[in-house]
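Survey of secondary and tertiary structure
Here is what each chain is made of, one letter per residue.
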Amino acid sequence: MNPSTEDLYLPIEYTGDLKKLQQKEQKAKMKYNIIHKHLLESTNTTAAELAAGGAEEFTTVVADHQSNGKGRGEHSFFSQNGLYMSVVIRSADTAVNATLLTLYTACCVHRAIRKVCGFTAKIKWVNDIVTDEGKLCGILCESYFKPGSDKIDYVIDGIGINLGEQEFPEELKNVAASLVLPPQKLEKIKIKLCKKIIRYLSKYQSKIKDRSFMNYYREFCSVMDKRVMVSGDGEPYEAVVMGVDDDGGLMTISKKGAKILRYGEVSIKPENTLRSE
C-alpha cells in the first residue's frame, strides 16, 4: 500500500547515503527533494500525488522495490530489485517538448550507467536501455494536464533500472536483463546513479531546445543501420533504419517506401544485417 502524500512530506525522508547525497546537493546549491522508501506500489504514482500537491520541479521519489510498477500502456514493470525513481518535471517548455524529454531521459540514464558503472549499453528506440541479454532499463514519462486545459501542468519522468541478482518471471527471462554488481557496492552505486541522473536531467531545457543531445542518442541507438521488424503501425513489415531525426522520429525505408516512424515498436532482425552503402 502506498504511503500517503502527507506521510512523504512530513518529513521528507532521507535515509542512509541518500541523506549524504541531499547534503552534498545543498552545498552545490541544488535544491532537489529526494524521497526514499524501501517499497512503494509505484514511484510514478507517488510522484504524481506529490506534484498534484505542489511539489517543486525535480522532486524525486526513489524506491528499492515496487509492488505495481508502471510500464507502457496497461503493462506493469517488474521491479524486484534495482533503482526505481520518478522525477517531477514542471517547466513551461514541457508542453512543447514532452516527447523529446523521453529521449533525453534515455540519454541521461545511459550516460549515468557508463559513468558510474563503467558499462556501455545501447538505447533501443524509443527509450529502452538494453544489453545483449535484454532490457536493462525502462522509462515512462506520464503527462498531467491543467484542469480544463490542453496544456501540460507537469510530467512524471519514471525510470526503472534493474540492478543486482534478479529472479525474473518465466515470461521475462529471455527479454529482461540486470546489471550484476558486487553486493557490497550495490547501495552506493544506486546512490551515485540517482545523483548523476538527476544532475543530467536538470539540464533538460537547454539540451532539448537546441537538440544537442540527439548526436549522443544516435551514437548509442541499437537499431541504427539495422534491418528491423516494425509493428504497431498496421501489419508488421520489414524495414531498414536509415537514421533518427531531430524530433526522435525513426527514419526507415521498406518496400512501402521511405517513412518516419513517430510511434510503434521495432525489433532487430536476427541476422542484424547492416544496410549497404
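Up top you'll find the structure we're talking about.
Residues numbered from 1 in each chain as written. Predicted model: local features only at pLDDT ≥ 70, side-chain atom pairs only at ≥ 80, totals over all residues. Heavy atoms only, no water.

Remarks on the sheet that holds strand S13 (residues 257-261)
Ordered by their spatial adjacency, 5 strands build an open sheet running S13-S12-S11-S10-S14, and the pairing between neighbours is antiparallel. The sheet terminates laterally at S13 and strand S14 (265-268), the two strands that pair on one side only. Taking each pair of neighbouring strands and ignoring which way they run, the sheet shows an average axis angle of 40°. Two elements, strand S11 (residues 237-244) and strand S12 (residues 250-254), share 4 bridges in a ladder whose sense is antiparallel. (Pairing = 2+ DSSP bridges. Helix = DSSP H or I, 4+ residues; strand = E, 2+ residues; numbered from the N terminus. Axes fitted to C-alpha atoms, helices over the stretch in contact; angles between N-to-C directions.)

Brief notes about the sheet that holds strand S2 (residues 60-66)
With mixed pairing, 7 strands are arranged side by side in an open sheet as S1-S2-S5-S9-S8-S7-S6. With partners counted over all chains shown, the strands left at the sheet margins are strand S1 (34-40) and strand S6 (122-124), one partner each. On average, adjacent strands in this sheet sit at an angle of 20° to one another, irrespective of strand direction. Judged from the 8 bridges that link them, strand S5 (residues 82-89) and strand S9 (residues 152-162) form a sheet pairing that is antiparallel. Looking at the pairing, Met 85 lines up with Ile 159 of S9. Across the face of the sheet, helix H3 (residues 43-52) comes into contact with S1, S2, S5, strand S8 (135-145) and S9 while running at roughly 155° to S9. In this fold helix H5 (residues 186-201) packs onto S1, S2, S5 and S9, with an angle of close to 25° to the strand it touches most, S5. (Contact = heavy atoms within 4.5 Å.)

A word on the packing of aromatic side chains
Enumeration over the complete set of coordinates arrives at 4 aromatic pairs. Ring centres 5.3 Å apart and planes at 70° place the aromatic pair Tyr 104 and Phe 213 in the edge-to-face group. Taken together, the residues Tyr 104 in helix H4 (residues 94-117) and Phe 213 in the loop between helix H6 (204-210) and helix H7 (214-220) connect sequence positions 109 residues apart. Residue Tyr 104 shares its accessibility class with Phe 213, and that shared class is buried. Both rings, one in Tyr 144 and one in Tyr 154, keep their centres 5.1 Å apart while their planes meet at 20°; by these two values the pair is stacked. Of this pair, Tyr 144 sits in strand S8 while Tyr 154 is found in strand S9, placing the two residues 10 residues apart along the sequence. With a relative accessible area of 25%, Tyr 144 lands in the partly exposed category. For Tyr 154, a relative accessible area of 7% translates into the label buried. Positioned over the ring face of Tyr 200 is Arg 111, at 4.1 Å from the centre of the ring. (Phe/Tyr/Trp six-rings, centres within 6.5 Å; stacked < 30°, edge-to-face > 60°. Buried < 20%, exposed > 50% of the residue type's maximum accessible area, 1.4 Å probe, protein only. Lys NZ or Arg CZ within 6 Å of the ring centre and 35° of its normal.)

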